[in-house]
Amino acid sequence: MRYAMAVDTRKCVGCSDCVVACQTENNVPSGFCRDWVVEVTDGTYPQLEMEIRSERCNHCINSPCVRCCPTGASHFDAGGIVLVDHNKCIGCGACIASCPYDARYPHPDGYVDKCTFCSHRLKKGLDPACADVCPTKCIYFGDLDDPNSPVSVILRQRKSKTLIPEAGTRPQLYFLI
Amino acid sequence: MTNRRTFIKISIAGAGAITLGAGTIKAMDWISKPGNGESVKVDLKRTPTYCEVCFWKCAGWVYKTSEGRIWKIIGNDDDQHCSGRLCPRGTGGVGMYYDNDRLKTPMLRVEERGKQVFRAVTWDEAIKYISDKMKDISSKYGPSSMALFTHGSGSSYLTTLFKAFGSENIAEPSYAQCRGPRDEAFFATFGEEVYSPEITDIRDTKCLVLIGSHIGENMHNGQVQEMSDAIDKGATIITVDPRFSTAAGKSKFWLPIKPATDMALLLAWMHELIYNNLYDKKYIDKYATGFDQLKEHVKDFTPEWAYGITTIKPDIIRRTAKEMANAAPAVIVHPGRHVTWYGDDTQRIRAVAILNALLGSWGRRGGFYRPAKLSVPGFALPAFPKPARTWQDAFPGKFPIASSPVSNALIDASIPENNPGYQIRGWVVNGTNLITTIPNQANTLKAIQNLELLVAIDTMPMEITGWADVILPECTYLERYDALRITPHRKPGIALRMPSTAMLYDNKSGYSITRLLAVSLGLKDYFPFEKQEELLDWQLKKVKSSLEEMQRIGVKNYEREADDLYYTDDENVSFPTDSGKIELYSKYFEDAGFDPLPKYTAFEEPMEGFYRLIYGRAPMHTFSRTSNNPNLTDLMHENSVWINPKVAKEWGLVSDQYIWLKNQDGIVSDFPIKVRITERIRWDSVYMVHGFGHKQKLMERCFGKGASDTQLITKVLVDPIMGGTGMRSNFVTFITEKSKQEAAL
Amino acid sequence: MKEELIVSGRMNSMIDPHLNIWHWEIPLYLFLGGMAAGILAIAALYFIRGREKDYRTAVRLTPFLAPILLVFGLLALFIDLRHKLFFWQLYVNIKLQSPMSWGAWVLMVITPVSFIWCALHIKDIFPKWDWKYNWLINVESFFNRYKKVLAWVMLIYAIILGIYTGILLSAFNARPLWNTSILGPLFLTSGLSAGAATTLLLSKNKDERKQFARIDLVLIGIELFFIIHMFMGFLASTQVQIEAAHLFLGGPYTVSFWIFVVILGMLIPALLEFMELGKYHIPSILPATMVIFGSLMLRFIIVYAGQFSRWLY
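Sequence positions are assigned chain by chain, starting from 1 and proceeding in written order. A letter from A marks each chain and a number from 1 marks each ligand, given out in the order of writing. Selection of residues for local features in this predicted model requires a pLDDT of at least 70, selection of side-chain atom pairs for listing and counting requires 80 or more, and totals for whole chains, interfaces and linings are taken over all residues. Note: side-chain values were computed over all heavy atoms of the structure, leaving out hydrogens and water.

## Examining the overall build of chain B
Applicable threshold: Numbering goes from the N terminus for both helices and strands, where a helix is a DSSP run of H or I of at least four residues and a strand is a run of E of at least two. The quantity called the radius of gyration is restricted to C-alpha atoms. Its globule counterpart is 2.2 Å times the number of residues to the power 0.38. When accessible area is computed with a 1.4 Å probe and restricted to protein chains, residues below 20% of their type maximum are described as buried, those above 50% as exposed, and intermediate ones as partly exposed. In this description, contact between two residues means that some pair of their heavy atoms is separated by no more than 4.5 Å. Only the protein chains shown count as cover for residues, and all accessible areas are computed by the Shrake-Rupley method using a 1.4 Å probe. We treat Lys and Arg as the positive residues and Asp and Glu as the negative residues; His and chain ends play no part in the count. In plain terms, the charge of a residue is placed at NZ if it is Lys, CZ if Arg, CG if Asp and CD if Glu.
Along the backbone of chain B there are 24 helices and 27 strands. Computed over the C-alpha atoms, the radius of gyration of chain B is 26 Å, within 12% of the 27 Å expected from 2.2 N^0.38 for a compact globule of 745 residues. Seen along its three principal axes, the alpha-carbon backbone of chain B occupies a region of about 75 × 70 × 65 Å. In chain B, buried positions account for 65% of the 745 residues. Of all intrachain contacts in chain B linking residues separated by at least 6 positions in sequence, the fraction that spans at least 24 positions is 74%. As presented, chain B carries roughly 26,400 Å² of accessible surface, and 51% of it is formed by carbon and sulfur atoms. Each charge sign in chain B was given a centre, from 91 positive and 88 negative side chains, and these centres are 2 Å apart.

This is how it looks when you write it as structure tokens:
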């Protein structure tokens, strides 16, 4: 089982609903966010093009954050999701420094926090909160090992990219272009 | 109050004794205890509501933790407005409840030691003060001297109250400051308005044409969802906008039009469709009148002519006309929503309506569908007294086409120097921050100075409350029942709002407030139910439902009975116009003394060193309503002014620098605004999001953040047809920190 | 123009606008650990080579600083932790792929070893020292007997301590400035240099001072070679590493790096030590403190500049 997420940049309007929904679902403290929206504009007026992306932890296969954690608090869970065990985390910050996507943040309670693909929802057969709320339905999620899951289907139909593939982390967050 | 009003910055000290409800919320503790979503015990019981953060009113479910704190709000899957997905503001509605800067107690303006302050009072005191004053105004000047400015769920009760009181001066600023021109334009053409939510069949369209509309940044939930569906189905989007909006970023054609010239483009499109026989001849022959006059009228409006005015190349105009025609009838030339731009707006939207008629999209799949609204009986009330005077008696002959009272006319009628037919002496302002809603702030403030009574009903201490005599703090939508949501849509449907949690402060619901006022004014008979839920149950039983059922399901959709969603081929549609047909040539306008067919008017252009001020929305905010919402200020806590890189270079500006804006009348923004240097804006314009630059210190998250565009909109181009206030003819220049210091020397 | 920005208002504390998760605690520890490693490695090395009598300060006296430096270093590390109550998790887990885990365990070994080494020479400072308890006296004689083994253990762990901090940083490929394998050897050499400088400072023996001036000169030479090599590597590498190198070649850290680390920390002390070896009399306090200062600044600048370097936006 390999969980993955695909975001359709053609449909994403940058409304940031994914950010608020994640915040309420996961009680993310005020001033912090587990996911965010990036807007890229290129060109000179009026020859312009724009890409909008909803980003979060990529739950990489070759994840540097799991590798560098001295206590094993950062670990792989079912389906390849990268999680942080709060009771093992010492708050050293190595994982934060090791992430090329700057996806992690120091939680005020001391441990390190980040997107969990809403693992507590996955256990109940629900989608992550961001995918569930997105008004443009541009976030697809599922098991890559299941050829009929929404994410497998859409990745077959559309061209996609990942961010900083050259960093060698093998991210599992795809952007449909 | 005969003394000149001062703006009272509500401070915690001035608010007197603040009574707190069952849960005291500390400043930083606005959200449930942090931790894993896993570790928070949730209360699986959910309560239905419909959102009040914007007018779309999506139905949803409120979930709480086992400790009774609101955990999250998600959409109701059965709701046609949102299909189970709320927008960021609806999801962030939690923050509205927990915002500890909320109004917590009724307040009364009193004078203490020569200074005007607010004193916390009981509800009884506040209500009595208001009803005494209203009776006083009524006896001295007549009940029509009371005006109501309202927006949101409370409107229906206050409307009943005012009509019972004897005044029909009930203005929704969303009419003359926003959608009014388009409703009148479509009304004149098709005999029907475009409604809220708009009856655009975007999810099945093949071509969506947006004239300035910025769907995606304007987060009208259903519209954004359907636009996404349309993109998935391969629909073409054509965006006409001087700014590279989000929608432009997803468009096949983006027409970077010169501001204020849209009319020329629309007329050229009409020319193209007619003279190349691209229009829906069968549809026009069957359903429309005035085609020959229209054809003659657009004879000279060629794409070449339009090019000279709009800077859009002729072949693009031709190609986009073809694109629309190919998609017809599954094409939408979107009527927009906020269309009060230059004062000729009713005519501009008339052009949009005519285009839609030529393409045959009205009443067709992928165009505009026929809405169905459930007929829910209201409880029989005594007849309303006939008002001695209507709003039109204040300025006879003005705005003859307006089908709704014009807010700015009522404001002008409050100023004696304007010599109105009669003067408005008292305002009740419900759920709308008039200070930032109505352009030409100086005029609004002048009107306020002449009032004998100003009541503000609000959840937050917005600017209007600082000018009020009485502030009535309503609870948020999460704490109350409200009228059933009965809106037109593809199927008739209703939604229930019920309280999900106890009231945090000494608040009351809109219904309770209005009923208390009614009782105090001797109008109890118009509000026979003391408890709103009893009225709701009575109504629901009339439509084969019940309060109990609605509490369980939240939304109920019914089958269409009267007619089909779209016109069928052999249907003989009768339009609710004078002629019974679609009126391309509007005799209705002609008889009132206005152009029966739209014409192009040239408007003022910015002077040297000045740039046209264009404003718009951000998807994470609903202007003042969410300015202080902690969930949403986390996303965006200030606006920025978009400046083209060429212009920035001329001025030596750098990104993230703060500057002040000064308009053509010398008004300087109170607060500096952050510079965003971006290619997305034209060199003759600047852009900013509306709803920032707040002046109330008690709102700690939004005070002083960003700049207010309303403050800079001092020149208002009033639409003579229906009173709409055109706001896009204001120009600004920049004042940097350096030039401010130099000026001070 | 290409415009890339976050539109959802992200401003995570210590992450945005650029990473600043590690503050003074980490570079201070890196310096203290590196210097202690240098001191202990030199002491062990000369003991093993039987030069204890020639270099009494280096082998017997300077190491007294090591436990103090290590304890303060550990304290700095502890202060840096954000979830302090769980620090013991470091010592019930070994993660072979995590240099930080190595570091935790290495410190676990070298700190007591440094205390023992000092305990063996305590009578150099306190001649009247009395162990009192019999078992302590037995322990002392045990270690005295196996002093060579102890020295080997100390040497190996000191070198690991000196080099692992550089390896730790270089394992973060997310921070292009750190992602160079030169960093490990550079930190080790810098630590040895600081250790040698300490002996230069403390020694009363003219020959010992001369020898350590020579050693320090060679170490500085190696450091300069590593630094040049590091820049050559960056500038011939990928875009992100070229940008990282430019932090020191015109970017915000240019002045502080070249002046504090290279000129004041390496070139001038090297010149002074060279003159010392000639006929000039330079008070050794000057080059010694400058070398130690340079070693400290190297850590600070590398840690801060490294957090500034990035892949994105």
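Additional details are given in the paragraphs that follow.
## Concerning the overall build of chain C
Along the backbone of chain C there are 11 helices and 1 strand. From first element to last, N terminus to C terminus, chain C shows the α and β order β-α-α-α-α-α-α-α-α-α-α-α. For 313 residues, the compact-globule estimate of 2.2 N^0.38 gives 20 Å, and the C-alpha radius of gyration of chain C, at 21 Å, lies within 12% of that figure. Projected onto its principal axes, the C-alpha coordinates of chain C cover approximately 75 × 55 × 25 Å. Per-residue burial over chain C gives 54% buried out of 313 residues. A fraction of 75% describes how many contacts in chain C between residues 6 or more apart in sequence connect residues 24 or more apart. In the form shown here, chain C has an accessible surface area of approximately 14,200 Å², with 71% of it arising from carbon and sulfur atoms. Taken together, the 25 basic and 17 acidic charged side chains of chain C have centroids lying 7 Å from each other.

## Let's talk about the environment of A:Asp146
By the secondary structure assignment, A:Asp146 is in the loop between β8 (139–143) and α6 (150–157). C-alpha of A:Asp146 to C-alpha of A:Tyr3: the two residues are 143 residues apart in sequence and 9.6 Å apart in space.

## Considering the interface of chain C and chain B
Selection criterion: The term buried area means the drop in 1.4 Å probe accessible area that two parts suffer when joined, counted for both and summed. Salt bridges, as used here, are contacts in which a Lys or Arg side-chain nitrogen is within 4 Å of a carboxyl oxygen on Asp or Glu. Any N or O atom pair separated by 3.5 Å or less is treated as a polar contact, with the protein-specific requirement of one donor-capable and one acceptor-capable atom, and with residues adjacent in sequence counted only for side-chain atom pairs.
Taken together, the contact between chain C and chain B spans 6 residues of the former and 8 residues of the latter. Carbon and sulfur atoms supply 47% of the area that chain C and chain B bury against each other, a total of about 520 Å² over both sides. The largest share of the area that chain C buries against chain B comes from C:Met1, C:Glu3 and C:Ser8, three residues that together contribute 72% of it. Across the contact surface, chain C and chain B share 1 salt bridge. Here C:Glu3 ties to B:Arg676 by a salt bridge, and the two come within 2.7 Å at their closest N and O atoms. Our enumeration of links across chain C and chain B arrives at 3 residue pairs in polar contact (both at pLDDT 80 or more).

## Thoughts on the environment of B:Val470
All names here are of chain B. Note on placement: Val 470 falls in strand β15 (residues 470–473). As for Val 470 and Val 121, which are separated by 349 residues in sequence, their C-alpha atoms are 9.6 Å apart. Here Val 470 is in contact with Met 107, Leu 108, Ala 126, Tyr 129, Ile 130, Leu 454, Val 455 and Ala 456, once residues within four sequence places are set aside.

## Topic: helix α6 (residues 147–170) of chain C
The condition is simple: In this analysis, the expected span of each helix is defined as 1.5 Å times one less than the number of residues it contains. Here the bend at a residue means the angle between the axes of two seven-residue stretches, the one that ends at it and the one that starts at it.
Along its 24 residues, α6(C) runs 34 Å from first to last C-alpha, staying within 8% of the 34 Å computed at 1.5 Å per residue. The principal kink in α6(C), of about 30°, is found at C:Ile163.

## Quick word on the nonpolar core
Under the convention used in this document: What we call a nonpolar core is a set of buried Ala, Val, Leu, Ile, Met, Phe, Trp, Tyr and Cys residues that are connected through their side-chain atoms within 4.5 Å.
If you look at the biggest cluster of nonpolar residues, it comprises 108 residues, and the most contacted ones within it are C:Trp22, C:Leu161, C:Leu169, C:Phe172, C:Phe248 and C:Phe257. Membership of the second largest hydrophobic core comes to 78 residues, among which are B:Leu210, B:Ile231, B:Tyr566 and B:Val573.

## Some remarks on the pattern of salt bridges
Residues and elements named next belong to chain B. Enumeration according to the criterion identifies 70 salt bridges over all chains in this entry. Close ionic contact of Glu 217 with Arg 680 constitutes a salt bridge, the shortest N to O distance being 3.6 Å. You can see Glu 217 sitting in the loop between β8 (207–211) and α6 (221–232) and its partner Arg 680 sitting in the loop between β23 (673–677) and β24 (685–689), a full 463 residues away along the chain. When its relative accessible area of 7% is taken as the criterion, Glu 217 is described as buried. The exposure class of Arg 680 is buried, given its relative accessible area of 1%.

## Some points on the packing of helix α4 (residues 99–120) of chain C against α6(C)
Helix packing geometry: the angle between the two helix axes and the distance between the axes. Residues and elements named next belong to chain C. To be explicit about the condition: Axis definition: a line fitted to C-alpha atoms, over the contacting stretch in the case of helices. Angles run 0 to 180 degrees between N-to-C directions. The sense of a crossing depends on the near helix, which, turned anticlockwise from the far helix by less than a right angle, makes the crossing left-handed and, turned clockwise, makes it right-handed. Each residue gets one label: Ala, Val, Leu, Ile, Met, Phe, Trp, Tyr, Cys and Pro are nonpolar, Asp, Glu, Lys and Arg are charged, and the others, such as Gly, are polar.
Viewed as axis vectors pointing N to C, α4 and α6 meet at an angle of 145°, and their least axial separation amounts to 9 Å. Both α4 and α6 take part in a crossing whose hand is left-handed. Listed contacts from α6 to Pro 99, Met 100, Trp 102, Gly 103, Val 106, Leu 107, Val 109, Ile 110, Val 113, Ile 116, Trp 117 and Leu 120 of α4 are Lys 147, Leu 150, Ala 151, Val 153, Met 154, Tyr 157, Ala 158, Ile 160, Leu 161, Tyr 164, Ile 167 and Leu 168. Residues that form the contact of α4 with α6 fall into these classes: 22 nonpolar, 1 polar and 1 charged.

## Side note on the interface of chain C and chain A
Frequently, the measure chosen for interface size is the accessible area removed from exposure when the parts meet. Quick note on the threshold: At least two bridges found by DSSP between two strands are what make those strands a pair.
Listed per partner, the contact involves 41 residues of chain C and 48 residues of chain A. Note on chain C versus chain A: buried area summed over both sides is about 3,800 Å², and carbon and sulfur give 57% of it. Three residues, C:Arg10, C:His83 and C:Trp311, lead the burial of chain C against chain A; their summed loss comes to 14% of the area buried on that side. Run the count over chain C and chain A and you get 3 salt bridges. The salt bridge involving C:Arg310 is made with A:Asp102; its shortest N-O contact spans 3.0 Å. At the level of elements, β1 (2–6) and α4 of chain C are the ones that each hand at least two residues to the side of chain C that touches chain A. Sheet topology places strand β2 (residues 36–44) of chain A next to β1(C); 5 bridges connect them, and they run antiparallel. When the bridges of β1(C) are listed, A:Val40 appears paired with C:Glu4.

## Here we look at the pairing of strand β3 (residues 47–55) of chain A
It is a general feature of regular strands that their side chains alternate between the two faces of the sheet. All names here are of chain A. β3 sits mainly inside the fold: 7 of its 9 residues count as buried. As judged from the 9 bridges shared by β2 and β3, these two strands associate in the antiparallel manner. Looking at β3, one finds that Asp 42 is bridged to Glu 49. The antiparallel hairpin formed by β2 and β3 contains 2 residues in its connecting segment.

## Here we look at unusual backbone geometry
Among all residues save glycine, negative phi is the norm, and among peptide bonds the norm is trans. B:Pro197 follows B:Ser196 through a cis peptide bond whose omega is 0°. Residue C:Pro17 follows C:Asp16 across a cis peptide bond; omega there is -5°. Along the chain, C:Pro17 falls in the loop between β1 and α1 (25–48). At A:Asn27, a residue that is not glycine, the phi angle is positive and equals roughly 50°. Mapped onto the elements, A:Asn27 comes out in the loop between α1 (17–25) and β2. With a relative accessible area of 2%, A:Asn27 lands in the buried category. Despite not being glycine, B:Lys544 has its phi angle at roughly 60°, a positive value. Along the chain, B:Lys544 falls in the loop between α18 (532–542) and α19 (547–553). Note on B:Lys544: relative accessible area 75%, which makes it exposed.

## Concerning the sheet that holds strand β10 (residues 253–255) of chain B
Residues and elements named next belong to chain B. Judged by pairing direction, the sheet is parallel, and its 4 strands sit side by side in the order β10-β9-β8-β12 without closing on themselves. Whereas interior strands pair on both sides, the edge strands pair on one side only; in this sheet they are β10 and β12 (331–334). Neighbour-to-neighbour, the strand axes of the sheet open up by a mean angle of 10°, direction not taken into account. Pairing geometry for strand β9 (residues 236–240) and β10, over 3 bridges, is parallel.

## Considerations on the pairing of strand β21 (residues 640–643) of chain B
All names here are of chain B. By the alternation rule, side chains of β21 split into Ser 640 and Trp 642 and Val 641 and Ile 643, which are all buried. Pairing of β21 with β23 involves 4 bridges; the strand directions are parallel. Bridge pairing links Ser 640 to Lys 674 in β23.

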